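Coordinate analysis (summary)
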Amino acid sequence: MSAAELDHHNATHGLALPDLSGVVPTCTKARAKHCIAALEEELQVMRQERGTKQRKTTYYISQGQAVCCMVTLYASIEDLIAENDCRCKVDWEESTTDQHCFQHGYIALVHTLLWIHEKLSELDADDAKDMLKKIKKGVDAAHSNNTSTLKDLVAAWINQSFAHDVCGKLLCPAEWDWSSMKVDICDRTSDYIISENSWPLFVYENYSFSSDNLEKGLFMSKILVQAFKATFTSPSSTKEADGDGDGADILENNRCAWRALNQVKVKTCVASIINMRKVTPHSIAYVVCKVQFALSSISSWRTINGDFDYKAFWNNIVDFFEDVPGPVTSHRVTTLLEWWTRKVFSKNHHKELTPEVVSKMSVTALAEQRKALEDAAFDSD
C-alpha cells in the first residue's frame, strides 16, 4: 500500500492502520493509562515481595523466642551449628564440656525447630547468615522480656519485696537451715558460700528438703510450674498451677483467637509457635535459672552473681535429666517429665491408652462378652 493509499484509508476508517514505521497511533490519554497500569503491576509485585520478606522476618523472629527457652541459655546458634559441622568433618573424639554442651544444644535445636537442619543445607552462606541474625533477634527479645516479666510476677506470687526474708529462704541451699544460719549466709562468710553446686530450696516440692532422699520433690515446686506456664503458655495460665494444667485447651484457644480476629496480629505463646506438647529438660533448666534470678536482689541479668555461676547451674540441671547412671534413674526422670507435661499441657492420658490397655477396659470386655453370648446361642441352635 502506497503512502497516498494509506492516508486515504486512515481518513475513511475509525482505526488508524500502521504507517511505514509500524506504529499504531494512540491518544496521549490511552498511553498514560497503559503506563499507569504497568507501574501499578510493578508496584504490586514489589509489595508482594516485601510482604513475603516481612513474613519471613516475623517467622524467624518468633522461632527465636522458642530457641531462647528450649535450646541453650548461653551458647549462640552459630556455635551449635559449628560444633555439629565439625563432628561431621572429622572423626569424633573425646569432647570438652563446652563441646559436649554445644552438641546437645544442636540436637535440642533441631528437635525444637524441625525445619532448620534442612534449611541450613539449602541456603547459601549469606541467606543462612541473614536467617540466623533474625532468629537471634527473637532470642534476645524473648530473653529480655522473660527476665523482666518473671521478675515482676515472682514478686507478686510471693507477695513480698525482694529484700524480704522469704526470698532468702527460697534461695538458700536446701542442705542448710535458713532459720538458724541466715545471719552467716547474709554476711557471706567463707563457711556459707552460695553457688551453683547446691540446689536452692525453691526447686523442691512444698519447699521442703529431705537429706535422706535428695531427689524427692526436686523440680516439683509450685513456683516453678507457675514460672513455666508464664513463660511458655501465658501469665494468665499460672492460676492453674495447683492442679493439672490444660495446655491443650490453651493452644486451641490461642488458635481460635487468631481466627476470630480475622488475621489481626496477636502475640502468640511459645508453646503455640513450635506446637510444643511436652516439657523438656532444657526448658525446665531455663525456667529454674530465670526464677533463681527473679528471687535475687540484682536488677540486671548477668552470667555470674557473686559466687553463683548461672551457666554452670544450667548445665547441672540439664545433667540431672540427661546424664543418668542407669535405667532405674532414667525411669524416675521420665516419670518426672511426664508429671511436668501433665501439669503444663494436659489432664488426659490418652497417649498411654495402648491397645493392650484398652483391651482390658469394660467397653472392650462387654463387646467380647456379647460376642461370646451370641456365639453360644448360635452353637446351641
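The structure under discussion appears in the preceding block.
A few words on the overall build of the protein chain. Along the backbone of the protein chain there are 16 helices and two strands. Among the 381 residues that make up the protein chain, the fraction classed as buried is 36%. In the protein chain, 64% of the contacts between residues at least 6 apart in sequence involve partners at least 24 apart. Surface accessibility of the protein chain: about 23,300 Å² in total, with carbon and sulfur atoms responsible for 54%.

On to the packing of aromatic side chains. On inspection of all chains with the given rule, the structure shows 16 aromatic pairs. Pairing F228 with W340 gives two aromatic rings, centres 5.3 Å apart and planes at 50°, and the pair type is tilted. Placement of F228 in helix 9 (residues 222-232) and of W340 in helix 14 (residues 327-344) is noted, with a sequence separation of 112 residues between them. Residue class for W340 comes out buried when judged on its relative accessible area of 1%. Feature note: the residues W199, F219, F293, W301, F308, Y310, F313, F320 and F321 constitute an aromatic cluster, connected by ring pairs. The lysine or arginine in question, K151, covers the ring of F293, its NZ or CZ lying 4.4 Å from the ring centre. Over the ring of W301 we find K290; its NZ or CZ atom is 4.1 Å from the centre of that ring.

Looking now at helix 3 (residues 77-89). A rise of 1.5 Å per residue sets the reference length of helix 3, with its 13 residues, at 18 Å; its end C-alpha atoms lie 19 Å apart and thus fit the reference within 8%. Listing the buried residues of helix 3 in full gives I77, L80, I81, E83 and N84. Angular distribution of buried residues about the axis of helix 3 spans 160°; they occupy a single face of the element.

What follows deals with the side chain of T147. Inspection of the secondary structure assignment puts T147 in helix 6 (residues 125-158). Of note is the side chain of T147, whose polar atom sits 2.5 Å from the side chain of K290.

A cluster of nonpolar side chains, contributed by L353, V357, V358 and M361, occupies part of the molecular surface with about 270 Å² of accessible area. When you line up the elements, M361 lands in the loop between helix 15 (355-358) and helix 16 (362-380). On the basis of relative accessible area, M361 is assigned to the partly exposed category, the value being 38%.

Turning to the packing of helix 3 against helix 4 (residues 97-112), a few remarks are in order. Helix-helix packing: each pair is described by the crossing angle between the helix axes and the interaxial distance. Where helix 3 contacts helix 4, the two axes come as close as 8 Å, and the packing angle between them is 100°. As the angle between them shows, helix 3 and helix 4 are arranged roughly perpendicular. The residues of helix 4 that touch helix 3, namely those facing I77, D79, L80, I81, E83, N84 and R87, are Q99, H100, F102, Q103, G105, Y106 and L109. Looking at side-chain class alone, the contact of helix 3 with helix 4 contains six nonpolar, five polar and three charged residues.

A few words on the side chain of T341. Mapping T341 onto the fold places it in helix 14. Judged by relative accessible area, which is 17%, T341 ranks as buried. Those residues in contact with T341 that sit more than four places away from it in its chain are R277, K278, V279 and S346.

Okay, unusual backbone geometry next. It is generally the case that most residues other than glycine have a negative phi and that most peptide bonds are trans. Positioned with a positive phi, N206 is a non-glycine residue whose angle comes to about 60°. For N206, the position within the fold is in the loop between helix 8 (178-187) and helix 9. The exposure class of N206 is exposed, given its relative accessible area of 65%.

Core analysis: the biggest nonpolar cluster contains 79 residues, and F202, F219 and W340 have the highest contact counts within it. Excluding anything up to four places from it in sequence, F202 contacts L170, L171, Y207, S221, I223, L224, V288, V291, Q292 and L295.

Applying the stated criterion to the full structure yields one cavity of 30 Å³ or more. Considered as a void within the structure, the largest cavity measures approximately 30 Å³ in volume. Lining the largest cavity are L171, P173, I194, S195, S198, P200, Q292 and F308. The residue inventory of the lining of the largest cavity, partitioned by class, reads five nonpolar, three polar and no charged.

Rules of the game
Numbers given to residues run from 1 along each chain, matching the order in which its sequence is written. Where local features are concerned, this predicted model is filtered to residues with pLDDT of at least 70; where side-chain atom pairs are given and counted, the filter is 80 or more; whole-chain, interface and lining totals use all residues. Note that water and hydrogens are dropped before the side-chain values are worked out from all heavy atoms of the structure. Counting from the N terminus, the helices are the DSSP runs of H or I reaching at least four residues and the strands are the DSSP runs of E reaching at least two. Throughout this description, buried means an accessible area under 20% of the type-specific maximum (1.4 Å probe, protein chains only), exposed means over 50%, and partly exposed covers the range between. Working rule for contacts: check all heavy atoms of both residues, and any pair within 4.5 Å makes them a contact. The accessible surface values rely on the Shrake-Rupley method and a 1.4 Å probe; as for residues, cover is taken only from the protein chains in view. Between 30 and 60 degrees the pair is tilted, below 30 it is stacked and above 60 it is edge-to-face, where a pair is any two Phe, Tyr or Trp rings, Trp via its six-membered ring, whose centres lie within 6.5 Å. Here, over-ring charges are defined by two tests on the NZ atom of lysine or the CZ atom of arginine: distance to the ring centre within 6 Å, and angle to the ring normal within 35 degrees. Take the residue count of a helix, subtract one, and multiply by 1.5 Å to get its expected span. What the arc measures is the spread of directions leading from the helix axis to the C-beta atoms. Counted as a polar contact is a pair of N or O atoms within 3.5 Å, where, for protein atoms, one must be capable of donating a hydrogen and the other of accepting one, and residues adjacent in sequence contribute only when both atoms are in side chains. Patch membership requires more than 30% relative accessible area and the absence of a salt bridge. Residues of like charge join within 9 Å; the nonpolar side chains Val, Leu, Ile, Met, Phe, Trp and Tyr join within 5 Å. Whenever Lys or Arg places a side-chain nitrogen within 4 Å of a carboxyl oxygen from Asp or Glu, that contact is recorded as a salt bridge. Only the stretch in contact is used when a helix axis is fitted, and all axes are lines through C-alpha atoms; the angle between N-to-C directions ranges over 0 to 180 degrees. These descriptions rest on fixed angle ranges, namely under 35 degrees for roughly parallel, over 145 for roughly antiparallel, 65 to 115 for roughly perpendicular, and the rest for oblique. Think of it as three bins: nonpolar holds Ala, Val, Leu, Ile, Met, Phe, Trp, Tyr, Cys and Pro, charged holds Asp, Glu, Lys and Arg, and polar takes everything else, Gly as well. For the purposes of this section, nonpolar cores are sets of buried Ala, Val, Leu, Ile, Met, Phe, Trp, Tyr and Cys residues that join through side-chain atoms within 4.5 Å. As defined here, a cavity is a set of points on a 1 Å grid over the protein atoms alone where a 1.4 Å probe fits but cannot get out. A pocket is an open set with protein on both sides within 12 Å along at least five of seven lines, and residues line them when an atom is within 4 Å of a point. Grid points are joined across faces, edges and corners, and a volume is the space filled by probe spheres set on the points.

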